Amino acid sequence: MKDVRNLDKQWVVLSELSAELVNRGAKVPEIVFDKLRLANSLLSYYILDPHASIKTLADVERELNFVQSQLFSLCDAELTEIYLNKMMKAVRGELDVRFPISKSNYNKEVKKRGRVEAIRVKLQKEMQIERLGDLGEWYGVIFEYSDEKNKVIIEGDIKRVKRALKDFAVIWKEEQNL
């Protein structure tokens, strides 16, 4: 797993603190939960996507700092001491907690590099690979079957992919009606 500078552990502590405050009847602002969800999504994205920039961690840190300032202002002295100790352990990496990764359906097949794009299209029924090869040559793109069943990947220059997709949709509809 990628190094996230213990931000995942800090997120867990702040999430736990927000739940504790709600259980005690404190009026926790809704933005705190929005920021926690955002931080979770950003951390999950950073962990799961091999192309994610390290700058994402700065965004996570900013969100968590905001959440921390909001939550600690709602704590009494006893709760502040408990959770400050937990946060210090989390920052040092001494806390053994598990971060709940939000797994989205990130797909390594669908990508974009400059003007080259790859998209995935679901087919209603299977098409012959030779036909896809002919279409690829005609439009100057690459058609290939996806790892997922009944899906095709179209890869190439953005304009060519769009043109191929538009015409491919017509062919695809005609084959459905046969």
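Quick notes on the rules
- Residues numbered from 1 in each chain as written.
- Predicted model: local features only at pLDDT ≥ 70, side-chain atom pairs only at ≥ 80, totals over all residues.
- Heavy atoms only, no water.
- Helix = DSSP H or I, 4+ residues; strand = E, 2+ residues; numbered from the N terminus.
- Buried < 20%, exposed > 50% of the residue type's maximum accessible area, 1.4 Å probe, protein only.
- Contact = heavy atoms within 4.5 Å.
- Areas by Shrake-Rupley, 256 points an atom, 1.4 Å probe, with all protein chains shown as cover.
- Axes fitted to C-alpha atoms, helices over the stretch in contact; angles between N-to-C directions.
- Parallel < 35°, antiparallel > 145°, perpendicular 65-115°, else oblique.
- Left-handed = near helix turned anticlockwise from the far one by under 90°.
- Nonpolar A, V, L, I, M, F, W, Y, C, P; charged D, E, K, R; others polar.
- Polar contact = N/O pair within 3.5 Å; in protein donor to acceptor, adjacent residues only side chain to side chain.
- Salt bridge = Lys/Arg side-chain N within 4 Å of Asp/Glu carboxyl O.

(A) Layout of the overall build of the protein. On a plain count of helices and strands, the protein comes out with six helices and four strands. The order of helices and strands in the protein, counted from the N terminus, is α-α-α-α-β-β-α-β-β-α. Burial analysis of the protein (178 residues in total) assigns 37% to the buried set. Residue pairs in contact within the protein that sit at least 24 positions apart in sequence constitute 69% of those at least 6 positions apart. In the form shown here, the protein has an accessible surface area of approximately 11,400 Å², with 51% of it arising from carbon and sulfur atoms.

(B) View of unusual backbone geometry. With phi around 55 degrees, arginine 5 is a residue other than glycine that occupies positive phi space. Mapped onto the fold, arginine 5 is located in the segment before helix H1 (7–23). Judged by relative accessible area, which is 42%, arginine 5 ranks as partly exposed. Here the phi dihedral of asparagine 6 falls at roughly 65 degrees; this positive angle occurs in a residue that is not glycine. On the secondary structure map, asparagine 6 appears in the segment before H1. Judged by relative accessible area, asparagine 6 falls into the partly exposed class, the value being 22%.

(C) Summary view of the packing of helix H2 (residues 30–48) against helix H3 (residues 55–72). Put simply, H2 and H3 touch, their axes get as near as 9 Å, and they point 155 degrees apart. By the angle between their axes, H2 is roughly antiparallel relative to H3. Once H2 is placed against H3, the crossing between them reads as left-handed. Between H2 and H3, the contacting residues are Ile31, Val32, Lys35, Leu36, Leu38, Ala39, Leu42, Leu43, Tyr45 and Tyr46 on the first element and Thr56, Leu57, Asp59, Val60, Glu63, Leu64, Phe66, Val67, Gln70 and Leu71 on the second. Looking at side-chain class alone, the contact of H2 with H3 contains 15 nonpolar, two polar and three charged residues.

(D) Here's a closer look at the side chain of threonine 80. Structurally, threonine 80 is set in helix H4 (residues 77–92). Looking at threonine 80, its side chain comes within polar contact range of the main-chain oxygen of aspartate 76, at 2.8 Å. Setting aside chain neighbours within four positions, we find threonine 80 in contact with Phe72 and Cys75.

(E) Broad picture of the pattern of salt bridges. Applying the stated criterion across every chain, the model contains eight salt bridges. Linking glutamate 20 and arginine 24 is a salt bridge whose minimum nitrogen-to-oxygen distance equals 2.9 Å. Of the charged contacts, one joins glutamate 63 and lysine 35 as a salt bridge, the two residues approaching to 3.1 Å between their closest N and O atoms. On the criterion of sequence distance, the pair formed by glutamate 63 in helix H3 and lysine 35 in helix H2 is long-range, its members being 28 residues apart. On the accessibility criterion, lysine 35 (21% relative accessible area) is partly exposed.

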